[in-house]
Amino acid sequence: MSETVYNRIALLRAERNVTRRQLADALGVHYQTVGYLERGEYSPSLFLALRIAEYFGVPVEVVFSTSPFPRIGERTA
């Protein structure tokens, strides 16, 4: 069983014109941490995941998943 955590942080940042540094500053983390999260090189703590979702004003499952998100425009069964 894979312990990969998939996320939509980069997509949400792009939609809202937020830089990695702006998000990092708002969360109190280093901007490189945001990059590690976006690339899936680092899985956030539950606390950090909840804070990211709160920052974007969406439920945590909109930002994070244990299975890959469908590509934009891709139909789901």
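(A) Fine view of helix α1 (residues 9-16). When α1 is considered as a whole, its buried residues turn out to be Ile 9, Leu 12 and Arg 13. End-on view of α1: buried residues confined to an arc of 100°, all on one side of the axis. Residues of α1 that are exposed and point more than 90 degrees away from the buried face comprise Ala 14 and Glu 15. Backbone geometry just after α1 places Asn 17 at a positive phi near 55°.

(B) Spotlight on the side chain of Asn 7. Within the element layout of this structure, Asn 7 appears in strand β1 (residues 6-7). Judged by its relative accessible area of 19%, Asn 7 falls in the buried class. A polar atom in the side chain of Asn 7 sits 3.0 Å from the backbone nitrogen of Ile 9. Looking at Asn 7, its side chain comes within polar contact range of the main-chain oxygen of Leu 37, at 2.6 Å. Contacts of Asn 7, omitting those with residues within four sequence positions, involve Leu 37, Glu 38, Val 63, Phe 64 and Phe 69.

(C) Representation of unusual backbone geometry in the model. For Asn 17, which is not a glycine, the phi torsion comes out positive at approximately 55°. Residue placement: Asn 17 occurs in the loop between α1 and α2 (20-27). Assessed through its relative accessible area of 68%, Asn 17 is described here as exposed.

(D) Main features of the pattern of salt bridges. All told, the structure shown has four salt bridges when counted by the stated rule. Salt-bridge contacts for Glu 38 lead to Arg 13; the nearest nitrogen and oxygen are separated by 2.4 Å. Here Arg 13 lies in helix α1 and Glu 38 lies in helix α3 (residues 31-38), a separation of 25 residues in the sequence. With relative accessibility at 13%, the residue Arg 13 sits in the buried group. In this structure, Glu 41 and Arg 39 form a salt bridge, with 3.0 Å as the shortest nitrogen-oxygen distance. Exposure remark for Glu 41: the relative accessible area of 52% places this residue in the exposed category. Via salt bridges that share partners, Arg 13, Arg 20 and Glu 38 belong to a single interconnected network.

About the thresholds
- Residues numbered from 1 in each chain as written.
- Predicted model: local features only at pLDDT ≥ 70, side-chain atom pairs only at ≥ 80, totals over all residues.
- Heavy atoms only, no water.
- Buried < 20%, exposed > 50% of the residue type's maximum accessible area, 1.4 Å probe, protein only.
- Helix = DSSP H or I, 4+ residues; strand = E, 2+ residues; numbered from the N terminus.
- Arc of directions from axis to C-beta.
- Polar contact = N/O pair within 3.5 Å; in protein donor to acceptor, adjacent residues only side chain to side chain.
- Contact = heavy atoms within 4.5 Å.
- Salt bridge = Lys/Arg side-chain N within 4 Å of Asp/Glu carboxyl O.

Bear in mind that shape data such as this cannot, by itself, settle questions of function.
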